[in-house]
Amino acid sequence: MDERSTADAIVVGSGFGGAVAAARLAQAGFSVVILERGRRWYPGDFPRRPDLEDGWLWGVDRGLYDIRWLDTMGSVQASGWGGGSLVYANVFARPFEGAMDERWPDHLRRQTLDPYYDLAAHVMGVAPAGSDPSTGGAVPRTALIERMMEGMGAPERTIRPALAVTFGDPETWRPNAQGVPRRGCAFVGECVIGCNHGAKNTLDTTYLALAERHGARAVTDAEVQRIDLRWTASKGREYTVVTSTPSDPSAPPRAWVAPMVILAAGAVATNELLLRARDRHGTLPDLSPHLGRGFSGNGDFLTLAELRGDRKDMTTGPTITTTTVLSVPEGRRSVWYQVQDGAVPPPLHALIDALLPAGGLRHRWQRLRRSDPRRTFAVLSMGRDSGRGTLHLDSSGKAELSWSNRWQSHLYRSQRRVGPLISRLLGARQHNPPTWSLLRKTITVHPLGGVRPGPDADSGVVDPTGEVHGYPGLFVMDGSTLPAATGVNPSATILAATERAIETVIRASGRPGWRAPEWEDVSPAPVPEDSAFIAAAALQEGTRGDGVLFTERMATLGRHRSRLEMRLSAEVRSIDRFLTDPAHIVSIQGAIDIDGLASQAPVTGTLSLFPRGVDEAMRYSLRFEDDSGHPWQLTGVKTTRSRLPPALLSGLTTLPSEITPVGASDAQPFRALLTISVPDVVRLGTSLRGQGFTRARRLRAAARFLTFFARSALSGPRIGPTGSGPDHR
């Protein structure tokens, strides 16, 4: 065994956690070795041919993607210098504080991490998406989604996310802050299969370049097999990290020795290494029994939408250009998740075809996907899954997942409805990827958890800095330490959490007060996703229990010198709030027509329906402007004097009203008696519609409203003041 002991710290993995840790340790003066099993990838190196031996798969020729089937779920990660940043969609997003639950400790919440998000955004060169250099405008997918949300009356829930991409002139190379040449995005939509253009701000061009510039030693083609702990008289505690050489299986193992080891190989590989050390090799026998528990797929779910009749190219632009936040009622609770559009590069379609074995599966998939790849885009969802998966080792020492999709049935059921909803709104055809449509297995590109934080080994695997309980100097700094799904793209959270953790570690190592040199140039970064989450939260609060809509028409009867007619639309946005509100307020809008005064004037206001503690059945309070622009107020009260059907119906369909001018006016108030005719009563009843995300919820909302109405109407006589009779009928 070729043994080397030259470093103060060994970092295992060059993804989002490892890159940050290595850069900061090197800046602080530590000697650092970064072990990465994959190769370096440069612009122009990434695979494009629909041939599995073109560098696509790790298992074929040490290629870009490592697809792991963890029994009940598939996991996709990248292999190479830069880890997942090589193939992620560049989105820099922060979790919404209002959607985080009790599993999130203080050191991982927004109040603590927001400054570190800003620092990471600065280093990664985060910016809003620019315009397509070929057209000068937004890409077709962006315009399509934004128009759809405008049409749904919810444009505020869709934002254009911040992206770690260089925008500008796509033809001119310029060095970034680390001296690495970059050029502006060419909007070819190939972010997730490696950027051959050189516009992605991947970790090898940012944090890792910073680490190497400060002396960190990059060792690629080095796959970690085991971790040992040993004590020496001269140096005390040291860890030995043993690696193999993937490109040469016959090469002897190498050993790397250091007093500090940072595991950042990604949630699956990090858990696997620690489980082996505890359960197979026995080198770290006292690791917490919580190891492997709390695994999450970040609620990832994907469907595809194929546009019909629209010849615009859906593959242009960065991979993701919009984020839409949804809070959808499912059962008796709400499910939070976000939905993103995604360019699907044509080479990926060919790759999927190549992955499926010839025969039935491939034929069924190709029959489902009989479309022009350039008219198809992905609908990517991620939300809060149960986070109850458990990783353990199979007989060969590989990680395996115990996971039941039933645990997150509410999330998956809701996410499965999004594709058909978008397809219906856009006139598109929706279909699922073969992993779901044929195998009923979910795929995650954001594996998280398994190394949960806690104050001691009885409650967690690591402490708030990521140090493993019982093993000083051994740290975990990657997505495995996140205690639950982020509900958004998690890379920014891994970056920020590692920035905070490694800063704490460096300060505790005899460098008190140390901070990253870039802090002097950091300013608060935009957080566009917060506005979308706030809008969704407001909608959730305002529509609890779902809602109902109905319409009614009232008019004066007979021939009189002043004829009055109203056509009104009534809305209850939240049945829960309506039923707990003593006044039972219903929002009203519509049109009013009064001979000689107002011609189809818009009218708005409220209806108080069977208010509690008041002898009234309904009170209308409406406003409108006459044809001269002067405001008027219409106030009317319905009363019921008996529960007998004729009298009850008469009271509920007769509205004595007073119409008065508002403010200074020479106009005179007047009264009118409005009634609902029998045909209009029928139309009112048939107009009642529940409002909800599913048919079951719509029916339930309508049923709750009708039950309230019937009980209130039949509960007893409601005698109100008679007043004087109307003088305009």
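What counts and what doesn't
Residues numbered from 1 in each chain as written. Predicted model: local features only at pLDDT ≥ 70, side-chain atom pairs only at ≥ 80, totals over all residues. Heavy atoms only, no water. Salt bridge = Lys/Arg side-chain N within 4 Å of Asp/Glu carboxyl O. Buried < 20%, exposed > 50% of the residue type's maximum accessible area, 1.4 Å probe, protein only. Helix = DSSP H or I, 4+ residues; strand = E, 2+ residues; numbered from the N terminus. Expected span 1.5 Å × (residues − 1). Disulfide = S-S within 2.5 Å. Pairing = 2+ DSSP bridges. Axes fitted to C-alpha atoms, helices over the stretch in contact; angles between N-to-C directions. pLDDT = per-residue confidence, 0-100. Contact = heavy atoms within 4.5 Å. Parallel < 35°, antiparallel > 145°, perpendicular 65-115°, else oblique. Nonpolar A, V, L, I, M, F, W, Y, C, P; charged D, E, K, R; others polar. Phe/Tyr/Trp six-rings, centres within 6.5 Å; stacked < 30°, edge-to-face > 60°. Lys NZ or Arg CZ within 6 Å of the ring centre and 35° of its normal. Polar contact = N/O pair within 3.5 Å; in protein donor to acceptor, adjacent residues only side chain to side chain. Arc of directions from axis to C-beta. Core = buried A, V, L, I, M, F, W, Y, C linked by side-chain atoms within 4.5 Å.

### Some words on the pattern of salt bridges
Here comes step 1: By the definition in use, this model includes 33 salt bridges.
Here comes step 2: Across the salt bridge formed by Asp 51 and Arg 49, the nearest N and O atoms sit 3.3 Å from each other.
Here comes step 3: The partly exposed category is assigned to Asp 51, whose relative accessible area is 30%.

### Some thoughts on helix H6 (residues 267-280)
Here comes step 1: Taking 1.5 Å as the rise per residue, H6 with 14 residues should run 20 Å; its terminal C-alpha atoms sit 19 Å apart, in good agreement.
Here comes step 2: By the burial criterion, the buried members of H6 are Ala 267, Val 268, Ala 269, Thr 270, Asn 271, Glu 272, Leu 273, Leu 274, Leu 275, Arg 276, Ala 277 and Arg 278.
Here comes step 3: Positive phi shows up at Gly 282, right after H6, with a value of about 70°.

### Regarding unusual backbone geometry
Here comes step 1: Of note in this structure, His 584 is not a glycine but carries a positive phi near 50°.
Here comes step 2: The residue His 584 is located in the loop between helix H13 (575-580) and strand S29 (585-594) in this model.
Here comes step 3: One non-glycine residue with positive phi stands out, namely Gln 600, at about 50°.
Here comes step 4: With respect to the helices and strands, Gln 600 occurs in strand S30 (residues 598-609).

### Here's the deal with the state of the cysteines
Here comes step 1: With the rule as written, the count across this model stands at zero disulfides.
Here comes step 2: Considering cysteine sulfurs only, Cys 185 is the nearest to Cys 191, which forms no disulfide, with 6.0 Å between them.
Here comes step 3: Looking at the unpaired Cys 195, the closest cysteine sulfur is the one in Cys 191, lying at 6.5 Å.
Here comes step 4: Taking the relative accessible area as the measure of exposure, Cys 195 reaches 17% and is therefore buried.

### Description of the sheet that holds strand S12 (residues 217-219)
Here comes step 1: With parallel pairing, the five strands of this open sheet are ordered in space as S12-S3-S2-S16-S26. Each end of this open sheet is capped by a strand with a single partner; those strands are S12 and strand S26 (474-476). The sheet shows a mean angle of 20° between the axes of neighbouring strands, direction not considered.
Here comes step 2: The pairing of strand S16 (residues 260-263) with S26 spans three bridges and is classified as parallel. When the sheet's bridge partners are listed, Val 261 is paired in S26 with Leu 474.

### Concerning the pairing of strand S18 (residues 301-307)
Here comes step 1: Burial analysis of S18 places six of its seven residues in the buried class, which makes it a mostly covered element.
Here comes step 2: Where S18 lies against strand S21 (residues 376-383), six bridges are found, and the strand directions are antiparallel. Within S21, the residue paired with Ala 305 across the bridge is Phe 377.

### Topic: the confidence of the model for the protein chain
Here comes step 1: Taken as a whole, the protein chain shows an average pLDDT of 88; of its residues, 89% reach a score of 70 or greater.
Here comes step 2: Low pLDDT, under 50, characterises residues 717-729; the stretch is placed with 38 contacts to residues that sit more than four places away or in other chains.

### Some details on the packing of helix H3 (residues 110-124) against helix H11 (residues 491-508)
Here comes step 1: Following both chains from N to C, one finds H3 and H11 inclined at 110°, their axes separated by 8 Å at the closest point. Considered as vectors, H3 and H11 are oriented roughly perpendicular to each other. Contacts between H3 and H11 involve Thr 112, Leu 113, Tyr 116, Tyr 117, Leu 119, Ala 120 and Met 124 on the former and, on the latter, Ala 492, Thr 493, Leu 495, Ala 496, Ala 497, Glu 499, Arg 500 and Glu 503.
Here comes step 2: Across the contact of H3 with H11, the residue classes break down as 10 nonpolar, two polar and three charged.

### Points about the sheet that holds strand S23 (residues 399-402)
Here comes step 1: Pairing in this open sheet of three strands is antiparallel, and the strands run S17-S22-S23 from one edge to the other. The open sheet is flanked by strand S17 (293-295) and S23, the only strands paired with a single partner. With direction set aside, neighbouring strand axes in the sheet form an average angle of 50°.
Here comes step 2: Bridging between S17 and strand S22 (residues 389-393) involves two bridges; their strand directions are antiparallel. By the bridge assignment for S22, Arg 293 is matched with Thr 390.

### What to know about the packing of aromatic side chains
Here comes step 1: Scanning the model with the defined rule gives 14 aromatic pairs in all.
Here comes step 2: Considering the side-chain rings of Phe 16 and Tyr 88, the 5.1 Å spacing of their centres and the 65° angle between planes classify their relative orientation as edge-to-face. A residue pair is termed long-range when its members are at least 10 positions apart, and Phe 16 in helix H1 (residues 16-27) and Tyr 88 in the loop between strand S5 (73-78) and strand S6 (91-92) qualify at 72 residues. Each member of the pair, Phe 16 as well as Tyr 88, is classed as buried.
Here comes step 3: Measuring from ring centre to ring centre gives 5.8 Å for Phe 578 and Phe 705, while their planes differ by 40°; the resulting arrangement is tilted. Of this pair, Phe 578 sits in helix H13 while Phe 705 sits in helix H16 (residues 695-714), and the two are 127 residues apart along the sequence. Summarising the burial analysis for this pair, Phe 578 and Phe 705 share the class buried.
Here comes step 4: These aromatic residues form a ring-pair network of at least three members: Phe 550, Phe 578, Phe 610, Phe 705, Phe 708 and Phe 709.
Here comes step 5: Between Arg 37 and the ring centre of Trp 58, over which it is positioned, the NZ or CZ distance is 4.3 Å.

### Details of the side chain of Ser 687
Here comes step 1: Looking at the element boundaries, Ser 687 is found in helix H15 (residues 678-687).
Here comes step 2: At 2.9 Å, the side chain of Ser 687 and the backbone nitrogen of Thr 551 are in polar contact.
Here comes step 3: The contacts of Ser 687, once residues within four sequence positions are left out, are Leu 549, Phe 550 and Thr 551.

### Examining the pairing of strand S14 (residues 236-244)
Here comes step 1: Taking burial as the measure, the nine residues of S14 include seven buried ones, the bulk of the element.
Here comes step 2: As paired strands, strand S13 (residues 223-232) and S14 are joined by nine bridges and run antiparallel to one another. Note that in S14 the partner of Thr 232 across the bridge is Gly 236.
Here comes step 3: As consecutive antiparallel partners, S13 and S14 are separated by three residues.

### A look at H16
Here comes step 1: Its 20 residues give H16 an end-to-end C-alpha distance of 29 Å, which sits within 8% of 28 Å, the value for a rise of 1.5 Å per residue.
Here comes step 2: Looking at H16, one finds that the buried residues are Arg 697, Ala 701, Ala 702, Phe 705, Phe 708, Ser 712 and Ala 713. The buried residues of H16 occupy an angular sector of 135° when the element is viewed end-on, so they sit on one face. More than 90 degrees from the buried face of H16, the exposed residues found are Arg 695, Ala 696 and Arg 711.

### Describing the environment of Ala 267
Here comes step 1: Structurally, Ala 267 can be placed in helix H6.
Here comes step 2: A residue is classified by how much of its surface remains accessible, and Ala 267, at 3% relative accessible area, is buried.
Here comes step 3: Between the C-alpha atoms of Ala 267 and Asp 478, which are 211 residues apart in sequence, the distance is 6.9 Å.
Here comes step 4: Those residues in contact with Ala 267, other than ones at most four positions away along the chain, are Phe 295, Leu 391, Pro 447, Leu 448, Gly 449, Asp 478, Gly 479 and Ser 480.

### What about the side chain of Ser 608?
Here comes step 1: Residue position: Ser 608 is located in strand S30.
Here comes step 2: Since its relative accessible area comes to 10%, Ser 608 is described here as buried.
Here comes step 3: Those residues in contact with Ser 608, other than ones at most four positions away along the chain, are Ala 583, His 584, Ile 585, Ala 617, Met 618 and Arg 619.

### Examining the nonpolar core
Here comes step 1: Formed by 55 residues in total, the largest nonpolar core has its most connected members in Leu 25, Val 32, Tyr 207, Ile 262, Leu 495 and Ile 502.
Here comes step 2: Every element with two or more residues in this core is listed here: strand S2 (9-12), H1, strand S3 (32-35), H3, helix H5 (207-213), S16 and H11.
Here comes step 3: The biggest single contributor to this core is H11, with nine residues.
Here comes step 4: Listed in part, the 42 residues of the second largest apolar core include Ala 570, Val 572, Ile 594 and Phe 670.

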